[in-house]
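Summary of the model geometry
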Amino acid sequence: MKVYADNAATTAVSKEVVDAMLPCFTKIYGNPSSVHTIGQEAAIELEAARSTIGKCLNAEPRELFFTSGGTEADNWAIQNAAIIGAKKNKRHIISSRFEHHAVLHTLNKLEKQGFEIQLLEVYSEGLVRPEDLQAALREDTALVTIMYANNEIGTIQPIPLLGKICRDHGVIFHTDAVQAVGHLPIDVKEQFIDMLSLSAHKFHGPKGVGALYCRKGIPLNVFIEGGAQERGKRGGTENIPSIVGMAAALEQISRKMEQNSDKVFALQNTLIEALSAVPHSRLNGNREKRLPGIVNFCFEGIEGEAMLLMLDALGICASSGSACTSGSLDPSHVLLALGLPHEIAHGSLRMSFSEYNSKEEVDYIIEKLPPIIQRLRSMSPVWEKIERGE
Amino acid sequence: MAYSKIVMDHFENPRNVGKIMDADGIGEVGNAVCGDIMKIYLKIDNDTISDVKFNTFGCGAAIAASSMTTELIKGKTVDQALQLTNKAVMEALDGLPPVKHHCSVLAEEAVKAAIDDYYKKHDNKEVCGASTGCTCK
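Residues numbered from 1 in each chain as written. Chains lettered and ligands numbered in written order. Predicted model: local features only at pLDDT ≥ 70, side-chain atom pairs only at ≥ 80, totals over all residues. Heavy atoms only, no water.

Points about the pattern of salt bridges
Enumeration according to the criterion identifies 29 salt bridges over all chains in this entry. Between aspartate 9 of chain B and arginine 15 of chain B there is a salt bridge, with the nearest N and O atoms lying 2.7 Å from each other. Exposure remark for aspartate 9 of chain B: the relative accessible area of 30% places this residue in the partly exposed category. Using a relative accessible area of 22% as the deciding quantity, one classes arginine 15 of chain B as partly exposed. Salt-bridge contacts for lysine 74 of chain B lead to aspartate 51 of chain B; the nearest nitrogen and oxygen are separated by 3.7 Å. Pair noted here: lysine 74 of chain B is in the loop between α2 (60–73) and α3 (78–82) and aspartate 51 of chain B is in strand β3 (residues 48–57), with a separation of 23 residues, a long-range link. For lysine 74 of chain B, a relative accessible area of 36% corresponds to the partly exposed category. One network of salt bridges, with partners in common, ties together Glu47, Arg50 and Glu230 of chain A. (Salt bridge = Lys/Arg side-chain N within 4 Å of Asp/Glu carboxyl O. Buried < 20%, exposed > 50% of the residue type's maximum accessible area, 1.4 Å probe, protein only. Helix = DSSP H or I, 4+ residues; strand = E, 2+ residues; numbered from the N terminus.)

Re unusual backbone geometry
All names here are of chain A. Phi at tyrosine 123 is positive, roughly 60°, even though this residue is not glycine. By the element assignment, tyrosine 123 lies in the loop between β4 (116–120) and α6 (130–136). We classify tyrosine 123 as partly exposed; its relative accessible area is 27%. Positive phi, normally seen in glycine, also occurs at arginine 231, with a value near 55°. Residue placement: arginine 231 occurs in the loop between β8 (210–214) and α8 (240–255). Judged by relative accessible area, arginine 231 falls into the partly exposed class, the value being 48%.

So, empty space enclosed by the protein
Residues and elements named next belong to chain A. Taken as a whole and judged by the stated rule, the model has 3 cavities of 30 Å³ or more. Counted as a void, the largest cavity has a volume near 210 Å³. Taken together, 21 residues line the largest cavity, and the ones lying closest to its centre are His183, Pro292, Gly293, Phe353 and Ser354. Of the residues belonging to the lining of the largest cavity, the class tally is 8 nonpolar, 11 polar and 2 charged. (1 Å grid on protein atoms, 1.4 Å probe; cavity = no way out; pocket = protein on both sides within 12 Å on 5 of 7 lines; lining within 4 Å. Points joined across faces, edges and corners; volume = space filled by probe spheres on them. Nonpolar A, V, L, I, M, F, W, Y, C, P; charged D, E, K, R; others polar.)

Structural notes on the interface of chain A and chain B
Listed by partner, the interface residues are 23 residues for chain A and 28 residues for chain B. Each partner contributes to the roughly 2,000 Å² buried at the junction of chain A and chain B, and carbon and sulfur atoms together form 63% of this total. In this assembly, chain A and chain B are joined by 3 salt bridges. Note that glutamate 28 of chain B is salt-bridged to lysine 385 of chain A, the shortest N-O span being 3.1 Å. Linking chain A with chain B are 9 residue pairs in polar contact (both at pLDDT 80 or more), by the criterion used here. Residue assignment for the side of chain A that touches chain B shows that the elements contributing at least two residues are α10 (304–313), α13 (342–345), α14 (359–378) and α15 (381–388) of chain A. Among the elements that line the side of chain A that touches chain B, the one with the most residues is α10 of chain A, at 5 residues. Considering only residue class, the side of chain A that touches chain B consists of 11 nonpolar, 5 polar and 7 charged. (Contact = heavy atoms within 4.5 Å. Buried area = accessible area lost by both parts, 1.4 Å probe. Polar contact = N/O pair within 3.5 Å; in protein donor to acceptor, adjacent residues only side chain to side chain.)

Some remarks on the sheet that holds strand β9 (residues 281–283) of chain A
All names here are of chain A. Here 3 strands make up an open sheet; going across it, the order is β9-β10-β12 and the pairing antiparallel. The sheet is open, and its two borders are formed by β9 and β12 (348–352), each paired with just one other strand. Going across the sheet, the axis of each strand differs from the next one's by a mean of 25°, ignoring polarity. In terms of strand pairing, strand β10 (residues 294–299) meets β12 through 5 bridges, oriented antiparallel. Within the sheet, the bridge partner assigned to valine 295 lies in β12 and is methionine 351. (Pairing = 2+ DSSP bridges. Axes fitted to C-alpha atoms, helices over the stretch in contact; angles between N-to-C directions.)

None of the figures reported here should be taken as evidence of function without further support.
See the structure below:
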């Protein structure tokens, strides 16, 4: 059996999305900036996509700017807020400890340029506390950027509350909603969101395309020079097939959100229940406030990459926050932010599902994973000590 | 990151996993914070490694390097085992990705630590350069 349980990394593009994209390669291939008919056909597709995405988020089309993905949207939103802030001598930025690196690395860069970065705690549950944000806000706060849902452990942040606090305080509120869009109902107006990043490939759209929502009234600086595209803010001929695919994917998944959510939550619950029976295991992140599809466990005494290799040999694709898979020497900053010790964080396993997964697949994981854990523990000197109670 | 066929074979079918209850020398190196611990058990008869077992906490490369190391030193004299380098472990595994080189270093150190333990128990000789420290930071 082949089980793709890594939907938080990326998803399969749906057939409907591919069908929507294909004409944009061969029939509607014009440049939307061209005056002629073929160009204008492409311009119509482009604006139709913008409008579709706007409807899914309750945003105006003119508030949406297409990007190469979530990372670019995060970079743009944060650097933009920094430019606006600096003009008013505001150089304080609030974020959280477990943001995606697209956010954290951009903040590191700003810190070197003289900005003061304050990262809120997420505690053992993986949740930002609104009262912490309230206490952190200052006269010189230029931006608050908090992710909508965490990509490694799936916890959902109290976005409407955080947004309201920022709005009341007159501070720009950005959310990296890459992991949430298409999976949770998002209304930028009701939830007091000023800026939002999204990425198509997390909801069965193509890779390499995303969008930045920027609320009307918030000045947006030019991010890429070189043309009048995206209202002069981001030059470069638009990636029409991918943008059309993104809109088709978001429309499709938004229509079926409740149904998908019920199905995927049922898969998650089955898996969490089964894996909780493994001794010395723990579910990472709050049990209730989580995305339907992400399950992240730590299994003490073993290391994540070894688990991944054994699962892969049985056809199961998952991921881990161990150092060995992060490409650095430290385990995942998300798991460390929860207060987990390094040695436990090394034994993490993330399995993430979409509506394409089945109960049979989850049963297969439940059958195959515990013996892998047992096998690795049987050769682990750390497990020996844990069993002896040391 | 791709592992060689030999690494995958030693990871999936590790040789000499386990413990030796009446070991003549035991070496444990690395630490759980770094994500790798290797523990090597040696049985030594007439200055020859007659049996060797290992327990490892770590990634695929760490387990494969431990397994290969036990094969490389089994049946060798203590002096020959002391000559084992991390480079030899890597060559035997048909290479390791650069971020995994430390796994082969750990394997070399585990052997030295086990022999050091053997010397301490038997004739108080110490192995020059034996270390039980963590090399990852």
